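Fold and contact review
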There are 2 protein chains.
Amino acid sequence: MNCEKSRTVEVCFTPKLFSEIITRENYIVVLTDILRATTSICTAFANGVDRIIPVANPDEARNLKEAGYMVASEQDGKKLDFADFGNSAFSFTPERVSGKTLVYCTTNGTRALNMVKTADQIAIGAFINLGSLAHWLEARDKNVVILCSGWKNKFCLEDSLFAGALASELIKSKYYLAECDSAKAAMDLWKLAKDDLLGYIEKACHRHRLKKLGLDDVIPYSFQMDLTQVVPVFDGHEIRIGI
Amino acid sequence: MNCEKSRTVEVCFTPKLFSEIITRENYIVVLTDILRATTSICTAFANGVDRIIPVANPDEARNLKEAGYMVASEQDGKKLDFADFGNSAFSFTPERVSGKTLVYCTTNGTRALNMVKTADQIAIGAFINLGSLAHWLEARDKNVVILCSGWKNKFCLEDSLFAGALASELIKSKYYLAECDSAKAAMDLWKLAKDDLLGYIEKACHRHRLKKLGLDDVIPYSFQMDLTQVVPVFDGHEIRIGI
């Protein structure tokens, strides 16, 4: 063990396992939901959204729509009738979101956000902001728990691959050790997948679910690395660019 | 999709995720706890034990010891003072167990057994009986859920590798499809590890926990394939050789 490496990276494959994490002090959670919530949130900030208010259920989203907010809300991948947007990153163009406040409701991602309020901070991670996120984390003296939103509490490949990619990036620095078995498995899956990520992701269940819903146009975009430098951070109430 | 393939193989990385499995009908659970409960149970049957009564906690084990049973009981990998055995497969020699009834209490494995009573049957799986277990499953017209005991409800590499090995074996037959992401991830990890299983398992956390406790002598044995043809089956009360 390298004694200089004083921070841990842990991977949690689904929100249901979050209560089992070992890291309990001085940690930042990185939440990821590659298809599609966290990729979309990063896109919205890249395109100038001012803040995002995540909500856990469609009723709350509908109430905020009636109160005058711009609302993104979908269920099982489909836009709800009252909403301005569904969950596709492509909806959040600069023309529509720049300078605005967006209420955001999703099946998987938002539920996870509300589970992790014990963390010191919650950062929003996706392939499209991976490099900047890694640098942002390195600049903070905190342990890292990467929380995969999964699909209805089940393990999912796309989020686990992101966890492996971020953990692999972090352990290249002098700060981080990845000791838990889930981090090691995620990094090995990433190693297997990274040279042909879209080919590998062909086998993911959720990719096929989105295809059936006609929502898979966003997939190649969601697996591109480092398209933006934004690091959105949730403060327990709203998401803003991390400082 | 091959339409002849009518049975599913699902992998559940920890007991805590068992309530999330998709398979709900006509299924057999394969329980695995490679280090060390299910490897030890298979060894005891290979060496002639008549039946094993799994119990969930040490108090129950102590009561049964006082009632005259032979008892294997450990906590966090250490034999409890009142017990005849700890959990090491090497304790269960033919001289000591042949023809006998054994009460068996472990931290991880037994707890998992009691969670899965909705399954049609619960088979006990380890690398040492993998080939026979696969044939036994193929002879039954059931879906398969491979349940990893994990370590205190966390994902663990050794059980996940077994799940990948068994799933890979089953999908070679004409019966099984592995559609869930966790089965695909487990099979990929197995593919990575199988040519140097002991080298790969060096990185598993639990392997190091056992080493610290001086209990790692059983590790090379636990990763040998097909040492026995027994398929132990739990009927909700006791474990016997499956018929």
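Residues numbered from 1 in each chain as written. Chains lettered and ligands numbered in written order. Predicted model: local features only at pLDDT ≥ 70, side-chain atom pairs only at ≥ 80, totals over all residues.

Of regular secondary structure, chain A possesses 10 helices and 11 strands. Taken against the 2.2 N^0.38 rule, which gives 18 Å for 243 residues, the C-alpha radius of gyration of chain A at 17 Å falls within 12% of a compact globule. Oriented by its inertia axes, the alpha-carbon framework of chain A measures out at about 55 × 35 × 30 Å. Counting the 243 residues in chain A, one finds 53% classified as buried. The contacts of chain A with a sequence gap of at least 6 include a subset with a gap of at least 24, amounting to 78%. (Helix = DSSP H or I, 4+ residues; strand = E, 2+ residues; numbered from the N terminus. Rg over C-alpha atoms; globule rule 2.2 N^0.38 Å. Buried ≥ 20, exposed ≤ 12 C-beta atoms within 10 Å, placed from the backbone. Contact = placed C-beta atoms within 7 Å.)

Moving on to the pairing of strand β4 (residues 70-75) of chain A. Across four bridges, the pairing between β4(A) and strand β6 (residues 101-105) of chain A is parallel. Paired with A:Ala72 across the strands is A:Tyr104, a residue of β6(A). (Pairing = 2+ DSSP bridges.)

Turning to the interface of chain B and chain A, a few remarks are in order. Listed as interface residues are 24 residues of chain B and, on the opposing side, 24 residues of chain A. Elements represented by at least two residues in the side of chain B that touches chain A include exactly α6 (157-171) and α7 (181-193) of chain B. Per element, the largest residue contribution to the side of chain B that touches chain A is seven residues, and it comes from α7(B). Residue composition of the side of chain B that touches chain A, by class: 11 nonpolar, four polar and nine charged. (Nonpolar A, V, L, I, M, F, W, Y, C, P; charged D, E, K, R; others polar.)

So, on to the environment of B:Gly242. All names here are of chain B. Note on placement: Gly 242 falls in the segment after β11 (239-241). The class for Gly 242 is buried, based on 21 C-beta atoms found within 10 Å. Separated by 121 residues in the primary sequence, Gly 242 and Gln 121 place their C-alpha atoms 9.5 Å from one another.

Right, let's talk about the relation of the copies chain B and chain A for a bit. Two copies of the chain are present, and they differ by a rotation about an axis and a shift along that axis. Between the two copies, chain B and chain A, the superposition gives an RMSD of 0.0 Å; the rotation angle is 180° and the shift along the axis is 0.0 Å. A rotation of that kind, with that shift, is consistent with a two-fold axis. Minimal C-alpha separation from the rotation axis in chain B is found for B:Leu189, amounting to 3.5 Å. Taken together, the interface assignments show that 100% of the residues at the interface of chain B recur at the interface of chain A, consistent with an identical surface on both copies. (Least-squares fit on C-alpha atoms with pLDDT ≥ 70 in both.)

Here we come to the packing of α6(B) against α7(B). Residues and elements named next belong to chain B. At a minimum axis distance of 7 Å, the contact between α6 and α7 shows a crossing angle of 95°. Viewed along their axes, α6 and α7 adopt a mutual orientation that is roughly perpendicular. Within the contact between the two elements, α6 uses Ser 160, Leu 161, Ala 163, Gly 164, Ala 165, Ala 167 and Ser 168 and α7 uses Ala 183, Ala 186, Met 187, Leu 189, Trp 190 and Ala 193. Residues belonging to the contact of α6 with α7 are distributed by class as follows: 10 nonpolar, three polar and no charged. (Axes fitted to C-alpha atoms, helices over the stretch in contact; angles between N-to-C directions. Parallel < 35°, antiparallel > 145°, perpendicular 65-115°, else oblique.)

So, about unusual backbone geometry. A cis amide bond, omega 15°, links A:Leu35 with the succeeding residue A:Arg36. With respect to the element layout, A:Arg36 can be found in the loop between β2 (27-32) and α1 (37-46). Within the chain, A:Asn26 stands out as a residue other than glycine whose phi angle is a positive 55°. Counting through the fold element by element, A:Asn26 comes out in the loop between β1 (7-12) and β2. Overall, A:Asn26 belongs to the partly exposed group, with 13 C-beta atoms counted inside 10 Å. For B:Asn153, which is not a glycine, the phi torsion comes out positive at approximately 70°.

Residue and element names in this part refer to chain A. Running from N to C, helix α5 (residues 130-138) and helix α6 (residues 157-171) point in directions that differ by 45°, and their axes come no closer than 10 Å. Here α5 lies oblique to α6, going by the angle between them. Between α5 and α6 lies a crossing of right-handed hand. Contacts between α5 and α6 pair Leu 130, Leu 133, Ala 134 and Leu 137 from the former with Ala 165, Leu 166, Glu 169 and Leu 170 from the latter. (Left-handed = near helix turned anticlockwise from the far one by under 90°.)

Before going further, it helps to examine α6(A). Between its first and last C-alpha atoms α6(A) spans 21 Å; for 15 residues at 1.5 Å apiece the expected length is 21 Å, and the two agree. For α6(A), the buried fraction is high: 13 of the 15 residues fall into the buried class. (Expected span 1.5 Å × (residues − 1).)

Turning our attention to the confidence of the model for chain A. Averaged over all residues, the pLDDT of chain A is 91; the fraction at 70 or higher stands at 98%. Both confidence scores are given for the complex: pTM 0.93, ipTM 0.92. (pLDDT = per-residue confidence, 0-100.)

A few words now on the nonpolar core. Counting residues in hydrophobic clusters, the biggest one holds 170 residues, and the most contacted among them are A:Ile146, A:Leu166, A:Ala167, B:Ile146, B:Leu166 and B:Ala167. Residues in contact with B:Ile146, not counting those within four places in the same chain, are B:Val9, B:Val11, B:Cys12, B:Val30, B:Thr32, B:Ala163, B:Leu166 and B:Ala167. (Core = buried A, V, L, I, M, F, W, Y, C linked by C-beta atoms within 7 Å.)

What follows is about α7(B). With 13 residues, α7(B) should cover 18 Å at 1.5 Å per step; its first-to-last C-alpha distance of 18 Å lies within 8% of that length. Of all the 13 residues making up α7(B), 11 are buried; the element is thus mostly covered by neighbouring parts of the structure. Within α7(B), burial applies to B:Asp181, B:Ser182, B:Ala183, B:Lys184, B:Ala185, B:Ala186, B:Met187, B:Asp188, B:Leu189, B:Trp190 and B:Ala193. Against α6, α7 (181-193) and α9 (205-212) of chain A together with β1 (7-12), α6 and α8 (197-201) of chain B lie the buried residues of α7(B).

All names here are of chain B. Locating Trp 190 in the fold gives a position in helix α7. When the 21 C-beta atoms within 10 Å are taken as the criterion, Trp 190 is described as buried. Put simply, Trp 190 and Ala 163 are 27 residues apart on the chain and 8.3 Å apart in space, counted from C-alpha to C-alpha. Ignoring sequence-local partners within four residues, the contact set of Trp 190 consists of Leu 161, Gly 164, Ala 165 and Ser 168.

A few words now on the pairing of strand β8 (residues 143-148) of chain A. Residues and elements named next belong to chain A. Counting buried positions along β8 gives six out of six residues, so the element sits mostly inside the fold. Residues of β8 alternate between two faces, with Asn 143, Val 145 and Leu 147 on one and Val 144, Ile 146 and Cys 148 on the opposite face, all of them buried. Sheet topology places β2 next to β8; six bridges connect them, and they run parallel. Residue pairing across strands places Val 30 opposite Ile 146, the latter belonging to β8.

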